[in-house]
Amino acid sequence: MSAPMEVVVSADSSGQLWNCAVFDLHSGTNLLSYRGGNSSSRSLTVLNGEYILGAQLGKNFINVWEVQRKDQLQQKIVCPGIVTCLTASPDGLYVLAGIADAIYLWEVSTGNLLAILNRHYQDLTCLRFTDDSSHFISGAKDNLALIWSLVSVVQLDPSHTPEPRHVLSRHSLPITDIHCGLMGAQARVATASLDQTVKLWEVSSGEMLLSVLFDVSIMSVTLDPCEYFLFCGGSDGTIYQVSLCSPSLSRDKTFQSDSEGNQVFKGHRNLVTCLSVSMDGTLLLSGSHDETVRLWDVQSKQSIRTINHKGPVTNACIHPAAPAHMFVSESRPAVPLPRFSRHLNPTEQHDSSATPGACSVLLGPENTKVRVSELEEEVKTLKKINKDLYDFSSQLLIKPS
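Residues numbered from 1 in each chain as written. Predicted model: local features only at pLDDT ≥ 70, side-chain atom pairs only at ≥ 80, totals over all residues. Heavy atoms only, no water.

Caption draft 1: Broad picture of empty space enclosed by the protein. Evaluation of the coordinates by the stated rule reveals one cavity of 30 Å³ or more. Taken as a whole, the largest cavity encloses approximately 50 Å³ of empty space. What lines the largest cavity is Val 8, Asp 24, Leu 25, Gly 28, Leu 285, Val 293, Arg 294, Leu 295, Arg 305 and Ile 307. Where the lining of the largest cavity is concerned, the elements lending two or more residues are β27 (292-297) and β28 (302-308). Top contributing element to the lining of the largest cavity by residue count: β27, with three residues. Here the residues of the lining of the largest cavity are counted per class, giving six nonpolar, one polar and three charged. (1 Å grid on protein atoms, 1.4 Å probe; cavity = no way out; pocket = protein on both sides within 12 Å on 5 of 7 lines; lining within 4 Å. Points joined across faces, edges and corners; volume = space filled by probe spheres on them. Helix = DSSP H or I, 4+ residues; strand = E, 2+ residues; numbered from the N terminus. Nonpolar A, V, L, I, M, F, W, Y, C, P; charged D, E, K, R; others polar.)

Shown next, in the form of structure tokens:
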């Protein structure tokens, strides 16, 4: 059987079977699973097709797996607070994390912490890069979505405080999800909110192009690759399809089903946490708190496959498969993931006692807290190794001769 072109990557909050898993898009077969903990919503990301990163639910560290070494958790990156959202740039050069109301930006090749952005007023909920990695968009509980130019953030002048290129301030309640379309700096961005609206924006100008009002809060949003349709996941389990090609499309509209492409998908019994569309635009993937991931035929609006989970689904997306890494057991990442730096200033990175993969960007008492967390994780690992050795030795001793 040839390797699939696209796969489903999903995770749930229970962590009973695995942290996250890879499924065949067309058959629903479980191809790979990654064990250890569970990943929080909007915090599962594939880095350069070689690593999977997932922020531990309710904890202050990020789990790291090499994509082909599925049964072994390779690394834990300890952070100064709970990571609420996480993403890697499409070019594999940067990692972004939301910790409380701050955005942390790391350079992957060196592990250096390049910036801490404190422009939001409440906790981050989502982070997204444009497809060319030139910009990223942050959304938070302060009702704001900010468009950042990566070039302006990654600068060498420490006296210069980076500012967002645009502030999208038309939502009246917290941002729940962001989707960035194609075309880099010319892309369109969709933002979903608890205020029951989805808004479409232009990255280059920051101008709002469209606002759609629904009867329920919208928890997830995505566009098809051609941007003919906007798909919006409601808090009641309904998925709404909004046509962007309607001749009667106005800037502000209220959603109504009609014959022009505005339709609904019915099947989920609880809020829809994540949405994703296949490369050819024919299949829609959705994850829900009803503990299922569903695959839909876009044209017929029929659910054609259900993948059951053991808990509320926190992450689900259709991802291009990387056969050279994901399905070849002998394959290894071209470059090892370095230790993520402790400080903004690279000259301060002289703490040789730090656990590999640890990251801290706070000084004084907060630094001590991070170090304690690192040591606690190390103790847990050593205890597990000790238990495994004990169990193995016991089995040898009691084995009949």
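Caption draft 2: Representation of the pattern of salt bridges. For the structure on display, the rule yields four salt bridges. Among the ionic pairs, Arg 128 bridges to Asp 177, the shortest N-O distance being 3.2 Å. With Arg 128 in strand β12 (residues 124-129) and Asp 177 in strand β16 (residues 175-180), the pair connects residues that are 49 residues apart, well separated along the chain. On the basis of relative accessible area, Arg 128 is assigned to the partly exposed category, the value being 23%. The partner of Glu 227 in a salt bridge is Arg 188, and the shortest N-O contact between them spans 2.9 Å. Of the two residues, Glu 227 is situated in the loop between β20 (218-223) and β21 (229-234) and Arg 188 in strand β17 (residues 188-193); the sequence distance between them amounts to 39 residues. A network of salt bridges, in which partner residues are shared, links Arg 42, Arg 128 and Asp 177. (Salt bridge = Lys/Arg side-chain N within 4 Å of Asp/Glu carboxyl O. Buried < 20%, exposed > 50% of the residue type's maximum accessible area, 1.4 Å probe, protein only.)

Caption draft 3: A look at the confidence of the model for the protein. Confidence in the prediction for the protein averages 87 pLDDT; 87% of positions are at 70 or higher. Low pLDDT (under 50) marks residues 347-364, which in the prediction has 52 contacts with non-local residues, meaning those over four places away or in another chain. (pLDDT = per-residue confidence, 0-100. Contact = heavy atoms within 4.5 Å.)

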